[in-house]
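What follows is the residue order along each chain.
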Amino acid sequence: MNPEQFQKQVQDAGLSLTDQQMAQFARYYELLVEWNEKMNLTAITDRDEVYLKHFYDSLTLAFHVDLSRPLTLVDVGAGAGFPSIPLKIAFPELQVTIVDSLKKRIGFLDTVIDELGLDQVQAIHDRAETFGQNKAHRAHYDLATARAVARLSVLAEFCLPLVKKDGLFVAMKGAQAEDELADAKKAIATLGGKFLEDIAFELPENAGERHIIRIAKKKESPNKYPRKPGTPAKKPIQ
């Protein structure tokens, strides 16, 4: 998917990107490739693949969640900035907080934010478990999301404590989503969430099956969650 095809596919889904936004995506790609030579950000570096499997894939969240009004969004374990940076480019009014546990990745994200001229974005170096216990961020966000970070039962413990009541947790998953959802039912309920829907679709160009799992925050998460770093992955809520 070259940049022109990317722009058209996104437009066909109801999202128009300006020339300036397309220029931001182009610079983002350049920075990704430059920094990837120094550190491991992504195994995908071919331009057309990045536009499809990172940029377009990130924007699929916006096809199923209304981002047209100003919202606070937290992206947990964002890595090289997916999905939050593409979403911020496409929806400049979003207030975005990015959390990642690797300091070098935060350095990359700070550079991207600066070079693309993005405002109301902060990249924070922290573990998801300790970040979720931070009173400045707990129950603070309209929307929490994560893409390819951990199994859904673990992600629920990372993300739901950050979402305000009546907010939304959206997990971006691949073909294994249905199995993960079955395993995560107890965790979602324990953390105050309510499963809404699992939206399945195929990426263009036979690039794979994707799922957008929408979970509403109905009750406050118990104070003990998230547990200490490493515990959610070792002992998921069952």
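The name recorded for the protein in an unreviewed UniProt entry is Ribosomal RNA small subunit methyltransferase G, from Aerococcus sanguinicola. Taken verbatim from the UniProt record of the protein, the Subcellular location (unreviewed entry) comment is "Cytoplasm". According to UniProt, the comment filed for the protein under the heading Function (unreviewed entry) is "Specifically methylates the N7 position of a guanine in 16S rRNA."

Enquirer: Teacher, can you tell me more about the UniProt feature "binding site: S-adenosyl-L-methionine" (unreviewed entry) in the protein here?
Expert: The feature "binding site: S-adenosyl-L-methionine" (unreviewed entry), as given by UniProt, occupies Gly77, Phe82, Ala128, Glu129 and Arg147 in the numbering adopted here. Lining the largest pocket, from the residues just named, are Gly77, Phe82, Ala128, Glu129 and Arg147. With respect to the helices and strands, Glu129 occurs in helix α6 (residues 128-131). A relative accessible area of 4% means that Glu129 is categorised as buried. Each residue touching Glu129, except ones within four places of it in the same chain, is listed here: Phe158, Pro226, Arg227, Lys228, Pro229, Gly230 and Pro232. Along the chain, Arg147 turns up in strand β4 (residues 141-147). Apart from residues no more than four positions distant in its own chain, Arg147 is found in contact with Lys53, His54, Asp57, Ser58, Phe82, Pro83 and Met172.

Enquirer: Could you clarify how one ought to interpret the packing of aromatic side chains in this entry?
Expert: Geometry of an aromatic ring pair is reported as the spacing of the ring centres plus the angle between the planes. This structure, assessed with the given rule, holds ten aromatic pairs. Ring centres of Phe25 and Phe55 lie 5.1 Å apart, and the angle between their planes is 50°; this geometry places the pair in the tilted category. One end of the pair, Phe25, is in helix α2 (residues 19-36); the other, Phe55, is in helix α3 (residues 47-59), with 30 residues separating them in the sequence. Here Phe25 matches Phe55 in class, with each residue buried. Lys38 extends its terminal NZ or CZ atom over the ring of Trp35, reaching a point 4.2 Å from the ring centre.

Enquirer: Can you walk me through the sheet that holds strand β5 (residues 163-173) in this structure?
Expert: One key point about sheets: their strands pair by backbone hydrogen bonds, in either a parallel or an antiparallel sense. As summarised here, the arrangement of the seven strands in space is β3-β2-β1-β4-β5-β7-β6, forming an open sheet in which the pairing is mixed. At either end of the open sheet lies a strand with only one pairing partner, and these are β3 (121-125) and β6 (193-202). Each neighbouring strand pair of the sheet contributes to a mean axis angle of 20°, computed without reference to strand direction. In the sheet, β5 pairs with strand β7 (residues 209-217) via six bridges, with the strands oriented antiparallel. Following the sheet pairing, Val170 is matched in β7 by Arg214. Against the sheet, α3 touches β4, β5 and β7, its axis set at about 150° to β4.

Enquirer: Explain the pairing of β6 to me, please; I cannot follow it from the model alone.
Expert: Along any regular strand, the residues point their side chains to alternate faces of the sheet. One ladder, built from nine bridges, connects β6 with β7; its direction is antiparallel. Of the residues in β7, the one forming a bridge with Ile199 is Ile212. From the end of β6 to the start of β7, which pair antiparallel, there are six residues, and Glu205 there has a positive phi angle of about 60°.

Enquirer: In this structure, what is going on with the nonpolar core? I would like to understand it.
Expert: Soluble, globular proteins show a tendency: their nonpolar side chains are buried together. Counting residues in hydrophobic clusters, the biggest one holds 56 residues, and the most contacted among them are Phe6, Tyr28, Phe55, Leu61, Leu67, Ile85 and Phe108. Top element by residues in this core is α2. It accounts for seven residues. Here Phe55 is in contact with Phe6, Phe25, Tyr28, Tyr29, Val50, Phe82 and Pro86, once residues within four sequence places are set aside. Ala156, Phe158, Ala187 and Ile213 belong to the second largest nonpolar core, which has 30 residues in total.

Enquirer: Looking at this model, I keep getting lost on the layout of surface pockets. Mind explaining?
Expert: One way to see where empty space is left: roll a probe the size of a water molecule over the atoms. In this structure, the largest pocket spans a volume of roughly 520 Å³. Lining the largest pocket we find 27 residues, and of these Gly77, Gly79, Arg147, Ala148 and Val149 sit closest to its centre. Listed by contribution, the elements that provide at least two residues to the lining of the largest pocket are α3, β2 (95-100), α6 and α7 (152-159). Its residues assigned to classes, the lining of the largest pocket comprises 14 nonpolar, five polar and eight charged.

Enquirer: Just to check I follow, could you spell out the pattern of salt bridges for this structure?
Expert: It is possible for side chains bearing opposite charge to pair when their charged atoms get close. Counted by the stated rule, this structure contains 16 salt bridges. Here Arg151 makes a salt bridge to Asp183, at a shortest N to O gap of 2.7 Å. Placement of the pair is Arg151 in the loop between β4 and α7 and Asp183 in helix α8 (residues 177-190), with a sequence separation of 32 residues. A residue is classified by how much of its surface remains accessible, and Asp183, at 37% relative accessible area, is partly exposed. Between Glu157 and Arg227 there is a salt bridge whose closest N-O contact spans 2.8 Å.

About the cut-offs
- Residues numbered from 1 in each chain as written.
- Predicted model: local features only at pLDDT ≥ 70, side-chain atom pairs only at ≥ 80, totals over all residues.
- Heavy atoms only, no water.
- UniProt positions renumbered as here; feature names shortened; annotations may be inferred.
- 1 Å grid on protein atoms, 1.4 Å probe; cavity = no way out; pocket = protein on both sides within 12 Å on 5 of 7 lines; lining within 4 Å.
- Helix = DSSP H or I, 4+ residues; strand = E, 2+ residues; numbered from the N terminus.
- Buried < 20%, exposed > 50% of the residue type's maximum accessible area, 1.4 Å probe, protein only.
- Contact = heavy atoms within 4.5 Å.
- Phe/Tyr/Trp six-rings, centres within 6.5 Å; stacked < 30°, edge-to-face > 60°.
- Lys NZ or Arg CZ within 6 Å of the ring centre and 35° of its normal.
- Pairing = 2+ DSSP bridges.
- Axes fitted to C-alpha atoms, helices over the stretch in contact; angles between N-to-C directions.
- Core = buried A, V, L, I, M, F, W, Y, C linked by side-chain atoms within 4.5 Å.
- Points joined across faces, edges and corners; volume = space filled by probe spheres on them.
- Nonpolar A, V, L, I, M, F, W, Y, C, P; charged D, E, K, R; others polar.
- Salt bridge = Lys/Arg side-chain N within 4 Å of Asp/Glu carboxyl O.

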